[in-house]
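This is what each chain is made of:
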Amino acid sequence: LADLVRLALHLHRLTGKSQYLDAAERCWLNAFTHNQFSTGDFGHRAYFAHGYTPVPNLARAWWCCTMHGHRCIPDLVGAAVAVSGQDVRVDLFEDVRLVRPIALDVEALAFGARVHVEEPFDGRLALRMPTWADAAELRRNGRPVTVPTESGYLRVSGPFASGDVLEVRFLPRVIVRTRERRDLALAALTTAPQRGVLVVGPYLMSVTEEWAPDFFGEPWAGNVVRLDAGAASATPGRWPQLDTTYEHDGFEGRYPLALRALASPRSLDQQTEAFWLTFARA
């Protein structure tokens, strides 16, 4: 996973093609970070048919995974923001502080970023328009602004003053991806159950024992998650959450369920976590 992230970032540096940023971002958010444990070291979790499952001995691989994991992190942080003269380009939406040659702070949002300018500069600020977004809302010091999208970036012209704040929020695409790699919009779902994973923007969504213990009461493999075509995917915090309902395979009724990003922090390293689920229209 570390090699894939680093390779994708290097290919982007060589070619400038945004598809490699997309690949690095997907791997980073949905696979790489989930194999770092609460103690900071890296290892590997155990898969089962629905996602991750607890094991007798969690593999904390200090001799290889931890080394490669911590080598990957500075590469990703270093690739998040690029500077050329007085032009700044935000390629990845992560918490990053740039000190020189231009001082600014990037604050990650669930679907976008907030950029705090700490020193004045006269160039342009370019914000990546990701392929997982259908639209973007840009604000400069709280006021909406409209800028053109050029070569996959929203480009805002300066000059910028110390204390300026630019905030971009994207409208994420919400799909169910099947095992056959078909992408279904929520409006395409029917009442017939469909096996797949729910993807909101760049995030793979999941159910965990920590947040939904009743979901995993036996027998749960046939649980059906109901999705509304107009389900809200915006969230004010760092990690997205989609509130919906499900029907349990073992007893009647419809019950509330919060689907959370697989990338969001967990307080438990060992728990059942399911992302291959059965979905149907609400």
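First, a word on scope: everything that follows refers to the structure included in this document.

## Re the packing of aromatic side chains
For any pair of aromatic rings, the description consists of the separation of the ring centres together with the inter-plane angle of the planes.
For step 1, the next point in the chain: Per the stated rule, a full pass over the model turns up 17 aromatic pairs.
For step 2, the next point in the chain: Aromatic pair W28 and F32: ring centres 4.9 Å apart, planes at 15°, arrangement stacked. Here F32 and W28 lie together in helix α2 (residues 18-32), a separation of four residues that amounts to about one turn. We note that W28, like F32, is buried.
For step 3, the next point in the chain: Among the aromatic residues, those joined into a ring-pair cluster are F48, F215, F216, W220, Y246, F251 and Y255.

## Describing the nonpolar core
For step 1, the next point in the chain: Residues L198, F215, V225, L227 and L259 are the most contacted members of the largest nonpolar core, which totals 69 residues.
For step 2, the next point in the chain: Looking at which element gives the most residues to this core, the answer is α2, with six residues.
For step 3, the next point in the chain: If near-sequence neighbours (up to four positions away) are discounted, V225 is found in contact with F215, T244, T245, Y246, L257, L259, L277, T278, F279 and A280.
For step 4, the next point in the chain: Grouped together as the second largest cluster of nonpolar side chains are eight residues, I175, V197, L204 and L262 included.

## Some thoughts on the sheet that holds strand β9 (residues 112-117)
For step 1, the next point in the chain: Pairing is antiparallel across the open sheet formed by six strands, whose spatial order is β7-β8-β9-β15-β11-β12. The open sheet has two free edges, formed respectively by β7 (96-98) and β12 (143-145), since each of these has just one partner strand. Here the average twist between neighbouring strands, direction ignored, is 20°.
For step 2, the next point in the chain: As paired strands, β7 and strand β8 (residues 104-109) are joined by three bridges and run antiparallel to one another. In the sheet register, R97 faces β8, and the bridge partner there is D105.

## A few points about empty space enclosed by the protein
For step 1, the next point in the chain: Per the counting criterion, the structure on display carries four cavities of 30 Å³ or more.
For step 2, the next point in the chain: Approximately 90 Å³ is the volume attributed to the largest cavity.
For step 3, the next point in the chain: If you trace the largest cavity, you find 14 residues lining it, with R45, Y52, D269, Q270 and Q271 closest to the centre.
For step 4, the next point in the chain: Residues that form the lining of the largest cavity fall into these classes: six nonpolar, four polar and four charged.
For step 5, the next point in the chain: Size it by volume and the second largest cavity reaches roughly 70 Å³.
For step 6, the next point in the chain: E25, L29, F93, E94, L109, A110, F111, G112, W132, P202, Y203 and R238 together form the lining of the second largest cavity.
For step 7, the next point in the chain: A breakdown of the residues in the lining of the second largest cavity according to their chemical character gives eight nonpolar, one polar and three charged.

## Remarks on the sheet that holds strand β5 (residues 81-84)
For step 1, the next point in the chain: Reading across the sheet, the five strands line up as β5-β6-β10-β14-β13 and stay open at both edges, with mixed pairing between neighbours. Two strands close off the open sheet at either side, each with one partner strand: β5 and β13 (149-150).
For step 2, the next point in the chain: Pairing between β13 and strand β14 (residues 153-157): two bridges, direction antiparallel. Bridging across to β14, T149 finds its partner in L154.

## Examining helix α1 (residues 2-15)
For step 1, the next point in the chain: End to end, α1 covers 20 Å across 14 residues, agreeing with the expected 20 Å (1.5 Å per residue, within 8%).
For step 2, the next point in the chain: Every buried residue belonging to α1 is among A2, V5, A8, L9 and H12, and all of these are buried. Buried residues of α1, seen end-on, are gathered within an arc of 140° and therefore sit on one face of the element. For α1, exposure combined with an orientation more than 90 degrees from the buried face picks out D3 and L14.

## Re the layout of surface pockets
For step 1, the next point in the chain: Roughly 720 Å³ of internal volume is contained in the largest pocket.
For step 2, the next point in the chain: In terms of lining, the largest pocket is formed by 25 residues, of which the most central are R26, N30, R177, V199 and L204.
For step 3, the next point in the chain: Counting only elements with at least two residues in the lining of the largest pocket, the list comes to α2, β16 (174-177), β18 (194-200) and β19 (203-208).
For step 4, the next point in the chain: Top contributing element to the lining of the largest pocket by residue count: α2, with five residues.
For step 5, the next point in the chain: In the lining of the largest pocket, the residues fall into 13 nonpolar, four polar and eight charged.
For step 6, the next point in the chain: In terms of lining residues, the second largest pocket is bounded by 23 residues, among which T33, Q36, W239, A263 and P265 are the most central.

Reading guide: rules and limits
- Residues numbered from 1 in each chain as written.
- Predicted model: local features only at pLDDT ≥ 70, side-chain atom pairs only at ≥ 80, totals over all residues.
- Heavy atoms only, no water.
- Phe/Tyr/Trp six-rings, centres within 6.5 Å; stacked < 30°, edge-to-face > 60°.
- Helix = DSSP H or I, 4+ residues; strand = E, 2+ residues; numbered from the N terminus.
- Buried < 20%, exposed > 50% of the residue type's maximum accessible area, 1.4 Å probe, protein only.
- Core = buried A, V, L, I, M, F, W, Y, C linked by side-chain atoms within 4.5 Å.
- Contact = heavy atoms within 4.5 Å.
- Pairing = 2+ DSSP bridges.
- Axes fitted to C-alpha atoms, helices over the stretch in contact; angles between N-to-C directions.
- 1 Å grid on protein atoms, 1.4 Å probe; cavity = no way out; pocket = protein on both sides within 12 Å on 5 of 7 lines; lining within 4 Å.
- Points joined across faces, edges and corners; volume = space filled by probe spheres on them.
- Nonpolar A, V, L, I, M, F, W, Y, C, P; charged D, E, K, R; others polar.
- Expected span 1.5 Å × (residues − 1).
- Arc of directions from axis to C-beta.

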